[in-house]
Amino acid sequence: MLELKSVTTTRGYKKLFEDLNFSLEEGEALLVNGVNGSGKTTLLRILCGFSRPDAGEVHWANKDIRALGHDYSRLVNYLGHFDALKGNLTAEENLIASLSVMGIDSDVATIREALRKQDLHSKLSVPVSRLSAGQRKRVALARLRISRERPIWILDEPFVSLDKSSTELLSAALSEHVSNGGFLIYTTHQEIGLDVRPKILTIN
Amino acid sequence: MSSRSLFLAVLLREFKISLTQKTDIATIFFFFLIVASLFPFAVGPDTGSLRTVGPGVVWVAALLSSLLALHRMFEGDFIDGSLEQFLLSGEPLVLIVVSKIFAHWLFTTLPIVILSPFVGMQFGISSEASWIMALTLLIGTPVLSLIGSVGAALTLGVRSGAALTALLILPLYIPVLIFGVGGTVAALQGVETTGHFSILLAFLCLSLALCPLATSAALKIALE
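Residues numbered from 1 in each chain as written. Chains lettered and ligands numbered in written order. Predicted model: local features only at pLDDT ≥ 70, side-chain atom pairs only at ≥ 80, totals over all residues. Heavy atoms only, no water.

Participant: Outline unusual backbone geometry, supporting the account with residue identities and numerical values.
Facilitator: Where the residue is not glycine, phi is negative for most of them; where a peptide bond is considered, it is trans in most cases. All names here are of chain A. Positive phi, normally seen in glycine, also occurs at Asp19, with a value near 50 degrees. Mapped onto the elements, Asp19 comes out in strand S2 (residues 14-24). Residue classification places Asp19 among the partly exposed positions, given a relative accessible area of 47%. Of note in the backbone geometry, Asn62 takes a positive phi value of approximately 70 degrees without being a glycine. (Helix = DSSP H or I, 4+ residues; strand = E, 2+ residues; numbered from the N terminus. Buried < 20%, exposed > 50% of the residue type's maximum accessible area, 1.4 Å probe, protein only.)

Here it is as C-alpha cells:
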C-alpha cells in the first residue's frame, strides 16, 4: 500500500498543497489533476523520493520511503518531462545503456521486440536526436515496457505528443499493469479512458 | 547487481556516449597542446629558463584542460533526466558516481597524461624526468577529477556554472599542483622523489574516500 500522510509542500512562499492524504492499494490507479503550476510534478517527485516534503511522509507497506531507500526506489518506474535519452545514441543503444545501469536484465532481442511494439523498428539505427517528440516518447515507453515488473509506475504526462494509436497502446499497457495488481499514479490533460476507473486527486 | 557489474555498466555507457562526442575530447586534447606550446613563445628560446618553467607549465596546462572538461561530467545527465533514473536504479549512487568520475578521467585526461612526456621533452626536460612527470600526472590528475566532481555537482543547474566551478575548485587544486611539480623538479635535480609520490598517493586515497560521497550528496540536492 502506498500512502501519502499529511504532506505539505511550499514553493518559495507559496503553499502548493497542505495536509494532503491519500492511499493507494494494489491494482489501483490515481489520476492527479490540477491546473498548470499547481504542483502535480512536485507531488510525483515526492512520491519518487527525489524531493522531500516540508512536512508529512510517504509510506510504502507502512514504512517511510526515506527509511526504505533503495528497497523502495528499485520498485519505481518514473517517466517525467525529460526522457533520459541520449540524443547521439540510437534507441537500442539508449535502452541497453539505461537498463544495464538500472540492473534490469534485458537482451537485444527483448529490446528490439519492445521497440517493434512501439512501431519503431524502422528507426533502429537512427540517433534519437533525429526522432520526433512522439517517437522519442515511444522509445521511453519501450523502456517502461521492459521494466514493467516494477510495481509502482509514476508517469508525468505520459500521453503528451503521442499519436492516436500510440495513445491507445499506452492506455492498454497502463490498464494491464493496474489489473495485474500494479500501482499507477499519473497526470494528464487529455481525456484518456483506462479499463479501470482511477481515483482522482485534485490539487488546487 | 554486483558492484563490479554496475561499475562496468556505467563505464560502458560513458564510453558509448564519449564515442559520440569525439570532438569535445579532441578539443580538450588540443587545448592542452596549445597552452603548453604557448609558453616557449612567451619565455623565449633559452633552454635553461624553459627547463625551469617546464614542469610547472605542463602541470598547469593539464590542470586547466581537466578543468575545461569538468562541466561535461554530470550536466548532460542532469538536463536529460538520466540522473533521476540513476536515483531510481536501486543501486548506490556513490558507486555510479565513482564510475562516472573514472570514465571522465579515462576519456578526457588520460590521453593528456600519455602525451605529457613528449611535451616535457619540448621544454628540454630529460626523458627520465619527463617520465617521472608523467607518473606524477598519472597519480595527480585523478585527484583533480575527484575534487572537480564535487564542484561540477554543486553547480548543476546554476547559471554560468562552469566559471563558478573553476572559482570553487582551483584553490583546492593547489596542494596537488605543488607536489606534482615538486616531484618532477626533484627528479630534474636528481633528488629523491619518494616523498612527493607518497603525498600524491595520500591525496588520491583521501579524495577517493571523500569526494564521491560529497558529489552524490550534491547530486541529490540538485535533483530536489
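Participant: Kindly report on the domain arrangement of chain A, identifying the contributing residues and their values.
Facilitator: Residue and element names in this part refer to chain A. Partitioning chain A into structural domains gives domain 1 (1-75 + 151-204) and domain 2 (90-149). Note on domain 1 versus domain 2: buried area summed over both sides is about 860 Å², and carbon and sulfur give 63% of it. Three residues, Trp153, Ser161 and Leu169, lead the burial of domain 1 against domain 2; their summed loss comes to 42% of the area buried on that side. The tally of links from domain 1 across to domain 2 stands at one salt bridge. The salt bridge involving Arg138 is made with Asp163; its shortest N-O contact spans 3.8 Å. Where domain 1 meets domain 2, there are one residue pair in polar contact (both at pLDDT 80 or more). Among the secondary structure elements, those contributing two or more residues to the side of domain 1 that touches domain 2 are strand S7 (152-156) and helix H7 (164-179). (Domains from an automatic or database assignment. Buried area = accessible area lost by both parts, 1.4 Å probe. Salt bridge = Lys/Arg side-chain N within 4 Å of Asp/Glu carboxyl O. Polar contact = N/O pair within 3.5 Å; in protein donor to acceptor, adjacent residues only side chain to side chain.)

Participant: Mind laying out the sheet that holds S2 of chain A, listing which residues take part and the relevant values?
Facilitator: Residues and elements named next belong to chain A. With respect to topology, four strands assemble into an open sheet ordered S2-S1-S4-S5, the strand pairing being antiparallel. Edge positions in the sheet fall to S2 and strand S5 (63-64), since each has one partner strand and no second. Set on the sheet, helix H1 (residues 40-48) makes contact with strand S1 (2-11), S2 and strand S4 (55-60); between it and S1 the angle comes to about 130 degrees. (Pairing = 2+ DSSP bridges. Contact = heavy atoms within 4.5 Å. Axes fitted to C-alpha atoms, helices over the stretch in contact; angles between N-to-C directions.)

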